[in-house]
Amino acid sequence: MPSQMLTIEVDRLDAGSARVRLAGELDFDTAPELVDAVAGLRRDGHQELELDFAGVDLCDSSGLSALVVIHRAGTGAIRLLNLNPQIRHLLDRTGLAELLAAPPQELTGGAREAG
């Protein structure tokens, strides 16, 4: 089954920061699109990034790898926003939530996790 398209929308917030809104599936086929989009932002001087996952339905290991590549390639902070519970759980289980400094309440859209 072919992968669903990933939509990437960029809002340049100021000279040094940008918000990247994602929708669709972040997987083997689409992860390079995100890496390329962020690399372009960084070349333009946007080091502080917000990645908004509100529209992301699926993130596989390639999507996680893309987040690590983005993290390692930059000098500014990366904030992950509006992660659904499944993606949040995946980040927690792999240790990437801590690596990416993802605040728990922001990642789940403010919902409290049981546990």
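Worth saying up front: this structure is predicted, and the values here are computed from it rather than measured.

**Structural notes on helix H1 (residues 31–43)**
Item 1. Across its 13 residues, H1 extends 19 Å between first and last C-alpha, which sits within 8% of the 18 Å expected from 1.5 Å per residue.
Item 2. Where H1 is buried, its residues contact strand S1 (6–14), strand S2 (17–26), strand S3 (48–59), helix H2 (61–73) and strand S4 (78–81).
Item 3. Residue Gly 45 follows H1 closely and has a positive phi angle near 95°.

**So, the pattern of salt bridges**
Item 1. For the structure on display, the rule yields six salt bridges.
Item 2. For Asp 44, the salt bridge is made with Arg 12, and the minimal N-O distance between the two is 3.8 Å. Placement of Asp 44 in the loop between H1 and S3 and of Arg 12 in strand S1 is noted, with a sequence separation of 32 residues between them. We note that Asp 44, like Arg 12, is exposed.
Item 3. We note a salt bridge from Arg 79 to Glu 50, for which the minimum N-O separation is 3.0 Å. A residue pair is termed long-range when its members are at least 10 positions apart, and Arg 79 in strand S4 and Glu 50 in strand S3 qualify at 29 residues.
Item 4. Each of the salt bridges in this network shares a partner with another, and the network as a whole consists of Glu 9, Asp 11 and Arg 21.

**A closer look at the confidence of the model for the protein**
Item 1. Looking at the protein as a whole, the pLDDT averages 86, with 83% of positions reaching at least 70.
Item 2. The secondary structure element of the protein with the lowest average pLDDT is helix H5 (residues 104–107), at 42, and the one with the highest is S2, at 97.

**So, the pairing of S2**
Item 1. Of all ten residues that make up S2, seven are buried, and the element is covered over most of its length.
Item 2. Pairing of S1 with S2 involves eight bridges; the strand directions are antiparallel. Along S2, the bridge assignment pairs Glu 9 with Arg 21.
Item 3. Between S1 and S2, which pair antiparallel in sequence order, lie two residues.
Item 4. Examined bridge by bridge, S2 and S3 share nine bridges and lie parallel to one another. Bridged to Ala 23 within S3 is Gly 55.
Item 5. Between S2 and its parallel partner S3, the chain crosses via H1, and the hand of that crossover is right-handed.

About the cut-offs
Residues numbered from 1 in each chain as written. Predicted model: local features only at pLDDT ≥ 70, side-chain atom pairs only at ≥ 80, totals over all residues. Heavy atoms only, no water. Helix = DSSP H or I, 4+ residues; strand = E, 2+ residues; numbered from the N terminus. Expected span 1.5 Å × (residues − 1). Contact = heavy atoms within 4.5 Å. Salt bridge = Lys/Arg side-chain N within 4 Å of Asp/Glu carboxyl O. Buried < 20%, exposed > 50% of the residue type's maximum accessible area, 1.4 Å probe, protein only. pLDDT = per-residue confidence, 0-100. Pairing = 2+ DSSP bridges. Right-handed = clockwise from strand over helix to strand, strands pointing away.

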